[in-house]
Amino acid sequence: SGLPGAAPAPRPREGVDEALVAELASFRLEPMAGDGEVAASRLPPRGADADAGGDAATTALLGRLFARLLDDPQLTDALRGSLGRLQAPLQQLARQDPGLLTSEQHPAWALINQLAAHAGELPAQDATRGEDFHRFVEPLIDRLANAPAQPGAFEQALGDVQRFVEQDRVERVERSRPMLDALGQAEEAKRLLPLLRPQVALQLDRAEAVSPLLRTFLLGPWVDALAQAMVSQGADAPQTQALVGTVDDLLASLQRPATEAERVALRRRLPDLVARLQQGMDLIDLPGPHRERVMAHLMQAHRA
């Protein structure tokens, strides 16, 4: 009992295994007190000569068991309907395979448990994986429901499901790898920022007067671009080194040419400088208005 006024503790989710243990416990063979013989009085008769009473007991057991299994709120309506179709094949299987009603480890129960467990792992928002799983399950259930019930058929189906689940997990890891890599790169880039920003600040301090707009751009977005390039391409990659050299090249381009030859040389260098600036802006997806403001400012400075 809880504290007065406290909300009741949440009821633990009853999985397939728990339901099996609860329902099959009374059908296990138990030692008789005294002579050590095995009592099977609670085990319904099975086999080719099973009587109506045995069939009725088996039907009642399977009915209770499936009612509990299908009550799992994590099952989709589609999977609930598919699993429900296995009740009839299991009824047939129970007549020839005593292990079905004496062990929750039987391949048939392991199959149902695997199906329900994987369904519970599927995120509700990932409709594609749920649809793929249902497309896989339907023909498998059809095969079991429409063929004579054989223990080997359930073992084969269990193997098929286990392989599907393993492949699904492999594909899920592969799909998530780019996102994980991106997260790792973002964290690594953050660690580089405190190292790169002082270097760019030193370059700015050594240059002649730099406008506040360019100073803000070089110490902010451009440092981000350098960090991203180092993480994604490597610090020694030619593209990264070109971006690193862009700071000095940009600052040098702002110096007024002293001669006509210097002016001509500057005009020749500008297209490559602009291309590198655009490349760095692309690396960090710098918004269009910010790009336009920086590029317009540079164009005006180079015309002066």
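Residues numbered from 1 in each chain as written. Predicted model: local features only at pLDDT ≥ 70, side-chain atom pairs only at ≥ 80, totals over all residues. Heavy atoms only, no water.

### As for the overall build of the protein chain
Link 1 in the chain: A tally of regular secondary structure across the protein chain gives 12 helices and 2 strands.
Link 2 in the chain: Mapped in sequence order, the helices and strands of the protein chain form the string α-β-β-α-α-α-α-α-α-α-α-α-α-α.
Link 3 in the chain: Among the 304 residues that make up the protein chain, the fraction classed as buried is 34%.
Link 4 in the chain: The contacts in the protein chain between residues at least 6 apart in sequence include a share of 66% that link residues at least 24 apart. (Helix = DSSP H or I, 4+ residues; strand = E, 2+ residues; numbered from the N terminus. Buried < 20%, exposed > 50% of the residue type's maximum accessible area, 1.4 Å probe, protein only. Contact = heavy atoms within 4.5 Å.)

### What to know about the packing of helix α8 (residues 212–219) against helix α12 (residues 288–303)
Link 1 in the chain: Packing of α8 against α12 brings their axes to within 10 Å, and their N-to-C directions diverge by 130°. As summarised for this structure, α8 and α12 are arranged oblique, according to the angle between their axes. Seen from above, α8 lies across α12 with left-handed handedness. Residues Leu213, Leu214 and Phe217 of α8 pack against Arg293, Val294, His297 and Leu298 of α12.
Link 2 in the chain: Tallied by class, residues from the contact of α8 with α12 come to 5 nonpolar, 1 polar and 1 charged. (Axes fitted to C-alpha atoms, helices over the stretch in contact; angles between N-to-C directions. Parallel < 35°, antiparallel > 145°, perpendicular 65-115°, else oblique. Left-handed = near helix turned anticlockwise from the far one by under 90°. Nonpolar A, V, L, I, M, F, W, Y, C, P; charged D, E, K, R; others polar.)

### Notes on unusual backbone geometry
Link 1 in the chain: In the Ramachandran plot, Asp285 falls in the positive-phi region, its phi being about 55° despite a non-glycine side chain.
Link 2 in the chain: With respect to the secondary-structure elements, Asp285 resides in the loop between α11 (260–283) and α12.

### Quick look at the nonpolar core
Soluble globular proteins tend to bury their nonpolar side chains together.
Link 1 in the chain: Grouped together as the largest cluster of nonpolar side chains are 35 residues, with contacts concentrated most on Leu90, Leu100, Trp109, Leu111, Leu115 and Phe133.
Link 2 in the chain: For this core, the elements supplying multiple residues, two or more each, are α2 (52–69), α3 (77–84), α4 (87–96), α5 (107–121), α6 (127–146) and α7 (151–206).
Link 3 in the chain: Looking at which element gives the most residues to this core, the answer is α5, with 7 residues.
Link 4 in the chain: Those residues in contact with Phe133 that sit more than four places away from it in its chain are Leu79, Leu115, His118, Ala119, Leu122 and Phe164.
Link 5 in the chain: The next biggest cluster of nonpolar side chains, apart from the first, holds 31 residues, and it includes Ala227, Val231, Leu266 and Leu277. (Core = buried A, V, L, I, M, F, W, Y, C linked by side-chain atoms within 4.5 Å.)

### Quick look at the packing of α8 against helix α9 (residues 221–233)
Helix-helix packing: each pair is described by the crossing angle between the helix axes and the interaxial distance.
Link 1 in the chain: Orientation of α8 relative to α9, taken along the N-to-C sense of each, is 25°, at an axis distance of 3 Å. The angle between α8 and α9 places the two elements in the roughly parallel class. In this structure, α8 uses Thr216, Phe217, Leu218 and Leu219 to contact α9, whose residues at the interface are Pro221, Trp222 and Val223.

### With respect to α6
Link 1 in the chain: Over its 20 residues, α6 extends 28 Å from the first C-alpha to the last, a length consistent with the 28 Å expected when each residue adds 1.5 Å.
Link 2 in the chain: For α6, the full list of buried residues reads Arg129, Phe133, Val137, Leu140, Ile141 and Leu144. Projected down its long axis, α6 carries its buried residues within an arc of 105°, all on one side. In this structure, α6 carries Thr128, Arg135 and Asn146 as exposed residues pointing more than 90 degrees from its buried face. (Expected span 1.5 Å × (residues − 1). Arc of directions from axis to C-beta.)

### Considering the packing of aromatic side chains
Link 1 in the chain: Under the counting rule described, the total for this entry stands at 3 aromatic pairs.
Link 2 in the chain: Plain terms: the ring middles of Phe133 and Phe164 are 5.6 Å apart, the flat faces sit at 35° to each other, and that makes the pair tilted. A residue pair is termed long-range when its members are at least 10 positions apart, and Phe133 in helix α6 and Phe164 in helix α7 qualify at 31 residues.
Link 3 in the chain: Ring centres 5.9 Å apart and planes at 45° place the aromatic pair Phe217 and Trp222 in the tilted group. (Phe/Tyr/Trp six-rings, centres within 6.5 Å; stacked < 30°, edge-to-face > 60°.)

### Looking at α12
Link 1 in the chain: Over its 16 residues, α12 runs 22 Å from end to end, which matches the ideal 22 Å to within 8%, given 1.5 Å per residue.
Link 2 in the chain: Within α12 the residues assigned to the buried category are Arg291, Val294, Met295, Leu298 and His302. Angularly, the buried residues of α12 cover 95° about the axis, an arc narrow enough to put them on a single face. Among the exposed residues of α12, those pointing more than 90 degrees away from its buried face are Pro289, Glu292, Gln300 and Arg303.
Link 3 in the chain: Looking at the buried positions of α12, the neighbouring elements they touch are α8, α10 (238–253) and α11.

### Topic: the confidence of the model for the protein chain
Link 1 in the chain: In this model, the protein chain carries a mean pLDDT of 79, and residues with pLDDT of at least 70 account for 79%.
Link 2 in the chain: Ranking the elements of the protein chain by mean pLDDT puts strand β2 (residues 38–39) last with 32 and α8 first with 94.
Link 3 in the chain: The model gives residues 1–15 a pLDDT under 50, and that stretch makes 4 contacts with residues more than four places away or in other chains. (pLDDT = per-residue confidence, 0-100.)

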